[in-house]
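# Fold and contact review
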Amino acid sequence: MTTRCLALAALAVGLFAVAPGVRSRANDDKKPEPAPKFSAAQVEFFKKDVLPVLTQNCLKCHGDEPGKLKGGLDLSTRKGTLDGGETGPVVNLAKPADSLLLRFIHYKDENHKMPPKGKMSDKDIATLEKWVKDGLPVSDDRIGGGGVKPPPKGGQDGKRYWAYQPVKNPPAPGVKAKEWVKNPIDAFVLAKLEAKNLKPVAPATKAALIRRATYDLTGLPPTPEEVDAFVNSTDADAYEKLLDKLLASPQYGEKWGRHWLDVVRFGETNGYERDGPKPYAYRYRDYVIKSFNADKPYTQFIKEQIAGDEMPGHNPDAVIATGFYRLGIWDDEPADPQLAVFDGYDDIVSTIGQGFLATTFNCARCHDHKADPIPAADYYKLVAFIRDVKPYSNDRNVRSANSLSDITPPDQRQVYEADLKKREARVAVLKKMMEAIEDEIIKTLPAEDQRAAEGIDRPQVVDKKVIPLLKGKQKDDYNAMKAERAELSKKPAPPGQQLALSVNNCDRNPSPTHILVRGSPHAKGKEVKPGFPEVLGLPDPVIPAPQPGAKASGRRTVLADWIASEKNPFTARVFVNRVWQYHFGRGIVPTANDFGKLGEQPTHPELLDWLASDFMAGDWKLKRFHKLIMLSATYQLSSAGDDANLKADPSNALLWRFNMRRLSGEEVRDSILTVSGSLNLKQFGPSTYPKIPREVLAGQSVPGQGWPTSPPEEGNRRSVYAHVKRSLRVPILVGFDQPDPDSSCPVRYVTTVPTQSLGLLNGEFANEQAEAFARRLQKDAPNDLTAQVKLAIRLTTGRTPPAAEVKADAAFVERLKDKHKLTDAQALARFCLLCLNANEFVYLD
């Protein structure tokens, strides 16, 4: 071995300080204990024999690059070797022969064969065996005993990277064109434009502005009367008054609640093969809509969803909010039940991390994050916070006590609780007696059936194998108990009882959480406690002991308080960035769920911080924040192009114009229902099942299963109330890019594909609504084709058409009647279908 290699090896094993960027260990802050004194022969053996073996076989992955330690195992110091990695300590000084290190190098562990490139020679293995049995002698007990200065928390990257820094409140920059600035937002935007010698385009017309604002805040088009009133108003405050009216509209919460449902992967079924229902999931959707309409502070909104069940007193809204945990997919028949439990935790950690913090903690489930300073330990610290949340269900029952809470007011609940407890007690007795009879028969069955009866397949074994074998009095007794149990179960829910999808039956003292090697629950590593991301350098949280009578551990309250804190560098930035994205079509950080290094960088970082600071200073209230954005000159810009600007900034990253956008799937459907006069504005309650074409239903394994089509009036409610079945969704919504509800959606990417035009032109829904649209026109403007055409254009575009356009369109309707022999109603319906297919209808300037 060369002198250089020996020097590197010596440095690697206890002779160098750990480089910045290595994550600190739990005991780094404690004063290290000195290593034992080793004999001269042991030290010489270490230098001459052990170091070369480690250098050649181990240190490339476990020491030469301290910032990239595989499996979290650091063999560069004696202390690091004793601490171990994700699998725990790799050397057992009390029982050296049991050391994991020796199992690994002997290839006795299928998941950990070290080195992976090929087994070491018998001589090298014997060398390391002796080293372990001798107690890990090293050449310098002072350093080898752990006297390495711990690295800074989170490494140097954590100190520099913008997303981990406290939110600042920068002053608005100075600009040349001061007259253009309506509020500080404009100063930040204009400063960037002037630096590139660009100028903003002209403001939008009043007609375009009211249509833009109305869709942005309610998801519905303005009426012709509303457009006329705004366009013709001479009131200098007309626009601000318009915003106040829209923000006070009940439809505001429906529009902005749908944005949040994208973030939290809202679905009303469990996915997978059976895609069973999530009972009462609609209550969470209604909670979200009501929260936005009430202008609930975002901090309260966070705390209710993360830890609403831990809040004191009778608080139905807070309990309903914890339905957040139950919205994801759930496998009711997992091949690996333990893995399924941690898949459920992963879904929650992913949604909390990306939704509230724009951080991809889920990338550290199986290994340290590949780009951000997030070790696997950070991921499992978050898991530890939520370990008291039990799985959706302990069996295949979708109405699990783990996921349903009784939110009935206490005075009403007392009326039926006594009877309910009596019935439940009797059911429990019957169940135990029936199982005793079943067990007698099961003992006589083949071993395969006995094993199946020990798990979730017991009901099938009982039905198919046990019941047919019952005889005589045993059979009579069993059937009598079964009938009584069924009768007790048939009794309707107590009058007035209200149930909600939520977390329930939580563990007051959760099981320990371990780092799982490669994400496998069958390979437990070190135990971790609840904690915050290491890169932030925060002290470990204090988790209070559960209070007497508490139904949960209290850990999630600590997590919620941290997320909702003004000192959290992520929360306010992430939320204001989302709001900005929903108004402008793109966030200041375009990757709304990822502020890390794999995401895109902010185009206006100072503006992002200023917005976050303003949002927090405004008590985390959203409605005033909407007004701040929408009253800016930046929001009120036209979407018109400019040759010079397009050449310098073709993507409009600097916001020299307003980005034209297409309506979302919900806006398209709701707008069609609005202009046709069919929209039902009824709010809240169980979801509706809009009519789905027979051809689409035929794609199900059992056509129509789980989709009981609602009556037309109910089916024509707003799209936010349409049932979200993961395996079957409303075609027009999916066609216009409604996201997959299996995971958090950061942004709806707009596609342009032929099926969108085909669906709007030939689809059953579009044609039915075109006929309804024609009937509305005939009712509102009877026997006047010119007036009907003019009204159709006004309803679908918001503008008043010129006479020449009306004349040409009326002539088109007459040609349909003359050439194709259509009736007045049929020809007008074809024209209405044309209006629904116009770009002007589905795009906003």
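Summary of the structure given here.

What counts and what doesn't
Residues numbered from 1 in each chain as written. Predicted model: local features only at pLDDT ≥ 70, side-chain atom pairs only at ≥ 80, totals over all residues. Heavy atoms only, no water. Helix = DSSP H or I, 4+ residues; strand = E, 2+ residues; numbered from the N terminus. Buried < 20%, exposed > 50% of the residue type's maximum accessible area, 1.4 Å probe, protein only. Contact = heavy atoms within 4.5 Å. Areas by Shrake-Rupley, 256 points an atom, 1.4 Å probe, with all protein chains shown as cover. Lys, Arg positive; Asp, Glu negative; His and termini not counted. Charge placed at Lys NZ, Arg CZ, Asp CG, Glu CD. Polar contact = N/O pair within 3.5 Å; in protein donor to acceptor, adjacent residues only side chain to side chain. Patch = residues over 30% accessible without salt bridge, like charges linked within 9 Å, V, L, I, M, F, W, Y side chains within 5 Å. Salt bridge = Lys/Arg side-chain N within 4 Å of Asp/Glu carboxyl O. Phe/Tyr/Trp six-rings, centres within 6.5 Å; stacked < 30°, edge-to-face > 60°.

Turning our attention to the overall build of the chain. Across its full length, the chain holds 37 helices and six strands. Counting only C-alpha atoms, the chain reaches 110 × 95 × 55 Å along its principal axes. Counting the 845 residues in the chain, one finds 53% classified as buried. In the chain, once contacts between residues fewer than 6 apart in sequence are set aside, the share between residues at least 24 apart is 71%. With the model as given, the accessible surface of the chain reaches about 39,200 Å², and the carbon-plus-sulfur share is 54%. Between the averaged position of the 119 positive side-chain charges in the chain and that of its 108 negative side-chain charges there is a distance of 2 Å.

Note that Arg 103 resides in helix 5 (residues 100-105). When the C-alpha atoms of Arg 103 and Gly 84 are compared, they prove to be 14 Å apart, with 19 residues separating the residues in sequence. For Arg 103, the contacting residues outside a window of four places in its chain are Lys 108 and Asp 109. Among the polar contacts listed, one links the side chain of Arg 103 to the backbone oxygen of Lys 108, at a separation of 3.0 Å.

Attention now moves to a positive patch on the surface. Among the surface-exposed residues, Lys 60, Lys 70, Lys 117 and Lys 370 lie close enough to one another that they form a single positively charged patch. Among the secondary structure elements, Lys 370 is positioned in the loop between helix 17 (337-357) and helix 18 (376-385).

On to the packing of aromatic side chains, then. Summed over all chains, the structure comprises 34 aromatic pairs. An angle of 15° between the planes, with centres 5.9 Å apart, marks the rings of Tyr 287 and Phe 301 as stacked. Of this pair, Tyr 287 sits in helix 14 (residues 281-293) while Phe 301 is found in helix 15 (residues 298-307), placing the two residues 14 residues apart along the sequence. By the burial criterion, Tyr 287 is buried, and Phe 301 matches it. Pairing Tyr 298 with Phe 301 gives two aromatic rings, centres 6.3 Å apart and planes at 40°, and the pair type is tilted.

As far as function goes, none of this settles anything; it's purely spatial.
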